[in-house]
Amino acid sequence: MITSDFNKYTFKFMTGSDKVKLNKKAKNIEKAFDGGDLSYWNDLNTFVTHEELKTIIETANYVRENCDVFIVIGIGGSYMGTKAIVEALKPAFDRSKPEIIFLGTNLSSDYYRDVIEYIKDKDVIVNVISKSGDTLEPNIAFDIVKYILEGKYSEEEMNNHIIITTDAKKGSLRKLAKQEGYFTFEIPSKIGGRFSVFTPVGLFPLAVMGIDIVNLLEGFSHGNVYTPLAIEYAVDREALFRKNKPVEAFVVYEEKLYYFTEWLKQLFAETQGKNGKGILPISIVNTRDLHSLGQFLQQGNDIIFETVIGVEKTSTIKIEKYDKTLHEINKIAEEKVCVAHYDGKTPSLVIHIEKINEYNLGELIRFFITSAIAGALLIEVDPFDQPGVEKYKSLIKEALNNIYIF
Ligand code: PA5
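Residues numbered from 1 in each chain as written. Predicted model: local features only at pLDDT ≥ 70, side-chain atom pairs only at ≥ 80, totals over all residues. Heavy atoms only, no water.

**So, the site of the ligand**
For the ligand, the set of nearby residues contains 14 residues, the closest of which are Ser78, Ser130, Ser132, Thr135 and Glu270. Side-chain polar atom of Ser130 to an oxygen atom of the ligand: 2.6 Å apart, as the coordinates give it. Within the side chain of Gln266, an N or O atom sits 2.9 Å from an oxygen atom of the ligand. Contact with the protein chains covers 94% of the free accessible surface of the ligand, which is 380 Å². Looking at side-chain class alone, the shell around the ligand contains one nonpolar, nine polar and four charged residues. (Near = heavy atom within 4 Å. Polar contact = N/O pair within 3.5 Å; in protein donor to acceptor, adjacent residues only side chain to side chain. Areas by Shrake-Rupley, 256 points an atom, 1.4 Å probe, with all protein chains shown as cover. Nonpolar A, V, L, I, M, F, W, Y, C, P; charged D, E, K, R; others polar.)

**Some thoughts on unusual backbone geometry**
With omega at -10°, the peptide bond leading from Lys97 into Pro98 counts as cis. Note the cis peptide between Asn286 and Thr287, where omega equals 15°. Considering the arrangement of structural elements, one finds Thr287 in the loop between β8 (280-285) and α12 (293-299). Residues other than glycine seldom take positive phi values, yet Asn244 does so here, at roughly 65°. Relative to the elements of secondary structure, Asn244 occurs in the loop between α10 (227-242) and β7 (247-252). Its identity is not glycine, yet Lys345 carries a phi of approximately 70°, on the positive side. Within the secondary structure layout, Lys345 lies in the loop between α13 (326-343) and β12 (348-353). A relative accessible area of 46% means that Lys345 is categorised as partly exposed. (Helix = DSSP H or I, 4+ residues; strand = E, 2+ residues; numbered from the N terminus. Buried < 20%, exposed > 50% of the residue type's maximum accessible area, 1.4 Å probe, protein only.)

**With respect to the pairing of strand β5 (residues 162-167)**
Most of β5 sits inside the fold, with six of its six residues counted as buried. In this sheet, β5 lies alongside strand β4 (residues 124-130) in parallel orientation, the contact comprising five bridges. Residue pairing for β5: Ser130 is matched across the bridge by Thr166. Where β5 and strand β6 (residues 183-187) come together, five bridges link them in parallel fashion. Looking at β6, one finds that Thr165 is bridged to Phe185. Crossover β5 to β6 through helix α7 (residues 172-180) is right-handed. (Pairing = 2+ DSSP bridges. Right-handed = clockwise from strand over helix to strand, strands pointing away.)

**Observations concerning the packing of helix α8 (residues 200-208) against helix α9 (residues 213-222)**
Packed helices, taken two at a time, are described by the angle their axes make and the gap between the axes. The interhelical angle for the contact between α8 and α9, taken along N-to-C directions, is 140°, at an axis separation of 10 Å. The pairing of α8 with α9 is recorded here as oblique in orientation. Across the interface between the two elements, Leu203, Leu206 and Ala207 from α8 touch Ile213, Leu216 and Leu217 from α9. (Axes fitted to C-alpha atoms, helices over the stretch in contact; angles between N-to-C directions. Parallel < 35°, antiparallel > 145°, perpendicular 65-115°, else oblique. Contact = heavy atoms within 4.5 Å.)

Put into structure tokens, the structure is as follows:
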């Protein structure tokens, strides 16, 4: 369940805001989700079919039994949601098998040297994920891992160690998978990278990690009821932006939600940051960052608003000296920081989930995806493209003279 308070710590900043105007626009966006152009978001089959789900779970069970290390290769939307959910749900010092390693997010030789050293004597299965099938970083990561695998397994065995997730028809990865007979999952053509965690892009690696993807999907499906709230949040963000708050800090008080804030940064930056528009997203993990960015939020240039994502129930650890649980102290910190920052000209929009589990994360991810799309439509930019990202991709390709092929 999601609860919210968009009023308490924004109130004084909203006088004379553009909310009335924005709410008029928001009505049409709500209609688009409810039976209009965007209603495909309400149909789970857009993301994954029942048959695919069965195959995902069966294949994931095979992978869990047959490797020490499961490598997920992908960048941006092809890995960020998965990483956010794994980090939120797995124990902090998880030693269970298979271990998950995310690759394809950098071009650092020192990092890859360490990876090669680490995986060379381990049983490895790799899932390469790229919608376009042509992104440089994952393609290079795959080349490196494939080279290591070729040294360990016979040509026949290789097919049990490589799983490709890509577009049904287009791109070099699809071509390669056909040529080599690799096992594949399809990314639905309608769903772009940063929205794809509920397609095989996220569902398969999450299932390998033992995450209950059926529950996650149930949360996602039910998240539909929060469409009006997500649109209200989009309106409030935009109203604050228009009150000279061009930066949004996504703030959490649970360490395990750090990557969730990273996912949020990616979701909002790529969905709304175009045509000279958009709110700059940053991320904050408290109470750690109260001792760095906290100073700026309290007394610095007052250009920031916060979206605080709180959790109601967690583990119970008693701190005798205060006669309180650690969680109670954390919640006091969350509240008092909102009060302090409000006084310091930094407003906060507050969103709470009951506890961190698959179902609630499904709902919360759906909430933020809906809101990011709605926010883009409010400022009249296309939520579904990312031409800025394509620009750097094509310049690198050009610099490499298009010589990069599998
Ligand atoms: O959200 C997006 O569309 C992007 O972040 C992509 O996921 C990212 O650029 C990777 O693209 P691809 O999956 O085509 O390799």
